[in-house]
Amino acid sequence: MNTQAKFAAALLDPACPCPSGLKTWTGGDPARRFQVYRNNVVASLIDALADTFPVTLELVGDAFFRAMAGVFVRGCPPRSPILAFYGDDFPDFIGSFPPAAGLAYLADVARLEYLRVRAFHAADSMPIGAAELAGVLADESALPGLRLRVHPSLSVLHSRSAVVSLWAAHQGIGSLAQVVPSEPETALVLRHGLEVDVIEVSPAAGECIAAIVEGLPLGAAVARASSIDEAFDPAGVLGLLLQKSAITALIPSRRES
Amino acid sequence: MTKDIPCMQRSGGASVSRVGALPARGGLGLKPEHFQTILEHLPALGFFEIHAENYMVAGGPFHHYLTRIRSHYPLSIHGVGLSIGGAAPPDEAHLDRLAALLERYAPQSFSEHLAWSSHGGAFFNDLLPAPYHAGTLNRVCEHIDRVQERLGRRMLIENPATYVEFVESTLGEGEFITELVRRTGCGLLLDINNVHVSCVNHGRDPHAFIQTLPLAATGQIHLAGFAEDLDADGHPLLIDSHGAPVAEAVWELFRTVVQQLGPLPTLIERDNDIPAFPVLLAEARRAEAVMAALGDMAVTA
Ligand SMILES: [Fe+2]
């Protein structure tokens, strides 16, 4: 192994001895000095995860979070220097991290936080106006074939836990004591202006929006939502997306000529 | 005295046009927590510096604010992820992202570190040290050549803060950087805190060491704070933390440099334990006061 390969291997593996070939001006042991690099690497990557997952951290406390993140960092260091998106597989790691097994909601809270970061940095896109939408909605026969393009920041998270309430309680919205963590919730995440919103929607509305994001026409999206809730009415979903400036284009179905 | 950094004119398609040089004044690192304060007050300041990788995102508030701030101030883009001092050539996908960022914001300066941060596909988020000898010199020259060619502009290379040295090194850091500058035409980002930290950590006289660097090629100065530790033998070990005010010993070195080189674009680097904006502004003002008192104040911007 060359100098750099030895150095790199020892950075992430605490069991690895200090690499050979290092020296100090006093002739003393370089191990303690090498330890500075080790600490910098692991601590700065844990800090990057703490920035992305602040509510996850609050839920388990600083010591638990840093220990858990440290295991993750050593096993899955970033593959890119763009640290804003480091940790996309941290929620899955949390879900299979035995010491966190008692906190069934933790992985989904982390998933929600990661979707927020994605939304924060997602591409900008101009919304369509209410008049344009009203014009298209006027032709009811064309609605089932209509496809909506939505803002790149938008995503849906179906959870078996009360992710929205847990997250909101940590923003000072509502009381954590009143949250029942095992209550399933569906989250809609999107950026509206410069702010990322986390909105609880019904499972059927979430299903409809997820289908729209996948590119399904409105008719098929509503059918998917109706399979969850027979009484599903898409008007509320369209109103919400419009109000949040989340509809960026309307693509009518191609008519056979 | 070299104060201007002319944009290098390369035959191979200089996509970034002449955008001039940073002014020989104080500058600050741009932090998201200060975006709104800056736009509200538009403080008198020479320039802002960003870490390139933080802005390699598609859209959203970072680009929203940077676009507005850029319209009022000169900009320095400082990369932390190119791993120029590493064994592998610079990642072409990363160079593409950098080129796009430079195209978008037309910064007056682009700089990177004499260090490595990636190996075998992993990114370590730290500035890691490289040995200094003929082999590594050739390699780093090739990397700088490639970066300057791809970006179509001259870059500055920053002297590192290090905690260990390599048995295999045959060149001094000053010699090594002097050769990099001579062979590639790049400039020097003189980090005076790194000079102080490395000299304490390796038992050198910083005033003597700094004279071994290619000072005439200095395009920008960094001033920062460090943390103090001890090594295994009880000798002081300084850590380049960017988490404290600039130390008096570093101000002292800065005065010497300004006396010798005149005023230069001077950044207060603070990345951790970030204080309120006025605290940082006061440090930038202090740098400007030193330059006003000691330099010839022939501001070039
Ligand atoms: Fe620096």
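Residues numbered from 1 in each chain as written. Chains lettered and ligands numbered in written order. Predicted model: local features only at pLDDT ≥ 70, side-chain atom pairs only at ≥ 80, totals over all residues. Heavy atoms only, no water.

Of the regular secondary structure elements, chain B holds nine helices and 13 strands. Whereas a compact globule of 301 residues would reach a radius of gyration of roughly 19 Å, chain B reaches 18 Å, a difference of no more than 12%. Dimensions along the principal axes, computed over C-alpha positions, put chain B at roughly 50 × 45 × 35 Å. Expressed as a percentage of the 301 residues in chain B, the buried residues total 60%. For chain B, the proportion of contacts with a sequence separation of at least 24, taken over those separated by at least 6, is 80%. (Helix = DSSP H or I, 4+ residues; strand = E, 2+ residues; numbered from the N terminus. Rg over C-alpha atoms; globule rule 2.2 N^0.38 Å. Buried < 20%, exposed > 50% of the residue type's maximum accessible area, 1.4 Å probe, protein only. Contact = heavy atoms within 4.5 Å.)

Moving on: the packing of aromatic side chains. Counted according to the given criterion, the structure contains 22 aromatic pairs over all chains. On the numbers, 5.9 Å between centres and 80 degrees between planes, the contact of B:F35 with B:F62 is edge-to-face. On the criterion of sequence distance, the pair formed by B:F35 in helix α1 (residues 35–41) and B:F62 in helix α2 (residues 61–70) is long-range, its members being 27 residues apart. Overall, B:F35 belongs to the buried group, its relative accessible area being 4%. Taken together through their ring pairs, the aromatic side chains of A:F53, A:F64, A:F65, A:F72, A:Y86, A:F90, A:F93, A:F97 and A:Y114 make up a single cluster. (Phe/Tyr/Trp six-rings, centres within 6.5 Å; stacked < 30°, edge-to-face > 60°.)

The next point concerns the layout of surface pockets. Any space left empty among the atoms is revealed by the rolling of a water-sized probe across them. Residue and element names in this part refer to chain B. By volume, the second largest pocket amounts to about 300 Å³. Around the second largest pocket, the lining is made up of 21 residues, and of these G81, S83, D91, S118 and H119 lie nearest the centre. For the lining of the second largest pocket, the secondary-structure elements that each account for two or more residues are α3 (92–105), β5 (116–119) and β6 (122–128). Residues of the lining of the second largest pocket, tallied by class, amount to eight nonpolar, ten polar and three charged. (1 Å grid on protein atoms, 1.4 Å probe; cavity = no way out; pocket = protein on both sides within 12 Å on 5 of 7 lines; lining within 4 Å. Points joined across faces, edges and corners; volume = space filled by probe spheres on them. Nonpolar A, V, L, I, M, F, W, Y, C, P; charged D, E, K, R; others polar.)

On to the interface of chain B and chain A, then. Listed by partner, the interface residues are 50 residues for chain B and 40 residues for chain A. Carbon and sulfur atoms make up 63% of the surface buried where chain B meets chain A, a total of about 3900 Å² over both sides. Applying the counting criterion to the chain B and chain A interface returns two salt bridges. The residue B:D231 makes a salt bridge to A:R33 at a minimum N-O spacing of 3.1 Å. Every element with two or more residues in the side of chain B that touches chain A is listed here: α2, α3, β5, β6, β8 (165–166), α6 (192–201), β11 (227–230) and β12 (236–239) of chain B. Counting residues per element, the side of chain B that touches chain A draws most heavily on β6(B), which supplies seven residues. (Buried area = accessible area lost by both parts, 1.4 Å probe. Salt bridge = Lys/Arg side-chain N within 4 Å of Asp/Glu carboxyl O.)

We now examine helix α11 (residues 234–243) of chain A. Since one α-helical turn is 3.6 residues long, residues separated by three or four positions face the same way. All names here are of chain A. Three or more residues of α11 are buried, namely V237, L238, L240 and L241. Along the axis of α11, the buried positions cluster into a sector of 160 degrees, meaning they face one direction only. Opposite the buried face of α11, by more than 90 degrees, sit the exposed residues G236 and Q243. The opening residue of α11, the one whose side-chain oxygen lies 2.9 Å from the backbone nitrogen of A235, is D233. Downstream of α11 by one or two residues, S245 has phi in the positive range, about 55 degrees. (Arc of directions from axis to C-beta. Polar contact = N/O pair within 3.5 Å; in protein donor to acceptor, adjacent residues only side chain to side chain.)

A separate point is the coordination of the iron ion. Residue and element names in this part refer to chain B. Taken together, the protein donors to the iron ion comprise E158 (OE), D191 (OD), H222 (ND1) and E269 (OE), at separations of 2.1 to 2.4 Å. Linear spacing of the donor residues for the iron ion on their chain is E-x32-D-x30-H-x46-E. A residue pair is termed long-range when its members are at least 10 positions apart, and H222 in strand β10 (residues 218–224) and E269 in strand β13 (residues 266–269) qualify at 47 residues. The exposure classification of H222 matches that of E269, with both residues buried. (Donors = N, O, S within 2.8 Å, 3.2 Å for Na, K, Ca; no water.)

As a further point, take the packing of helix α1 (residues 3–12) of chain A against helix α2 (residues 31–52) of chain A. All names here are of chain A. Axis separation between α1 and α2 bottoms out at 9 Å; the angle between their running directions is 60 degrees. In terms of orientation, α1 and α2 fall into the oblique class. In this structure, the crossing between α1 and α2 has a hand that is right-handed. Each of F7, A10, L11 and L12 in α1 lies in contact with α2, whose residues at this interface are F34, Y37, R38, V41 and V42. (Axes fitted to C-alpha atoms, helices over the stretch in contact; angles between N-to-C directions. Parallel < 35°, antiparallel > 145°, perpendicular 65-115°, else oblique. Left-handed = near helix turned anticlockwise from the far one by under 90°.)

Our next topic: the domain arrangement of chain A. All names here are of chain A. As far as domains go, chain A holds domain 1 (1–103) and domain 2 (105–257). Computed over C-alpha atoms only, the centres of domain 1 and domain 2 are separated by 36 Å. Domain 1 puts 20 residues into the contact, and the matching count from domain 2 is 15 residues. Together domain 1 and domain 2 conceal approximately 1600 Å² of surface at their shared face, both sides included; 70% is due to carbon and sulfur atoms. Our count for the domain 1 to domain 2 interface comes out at one salt bridge. (Domains from an automatic or database assignment.)

To continue, consider the sheet that holds strand β2 (residues 47–51) of chain B. Residues and elements named next belong to chain B. A barrel is described by the order of its strands in space; here eight strands give the closed sequence β1-β2-β3-β4-β7-β9-β10-β13, paired in parallel fashion. When the angles between neighbouring strand axes are averaged without regard to direction, this sheet yields 30 degrees. Two strands pair when backbone bridges link them, and strand β4 (residues 109–113) and strand β7 (residues 156–158) are joined in this way by three bridges, in the parallel orientation. Bridge pairing links H113 to E158 in β7. (Pairing = 2+ DSSP bridges.)

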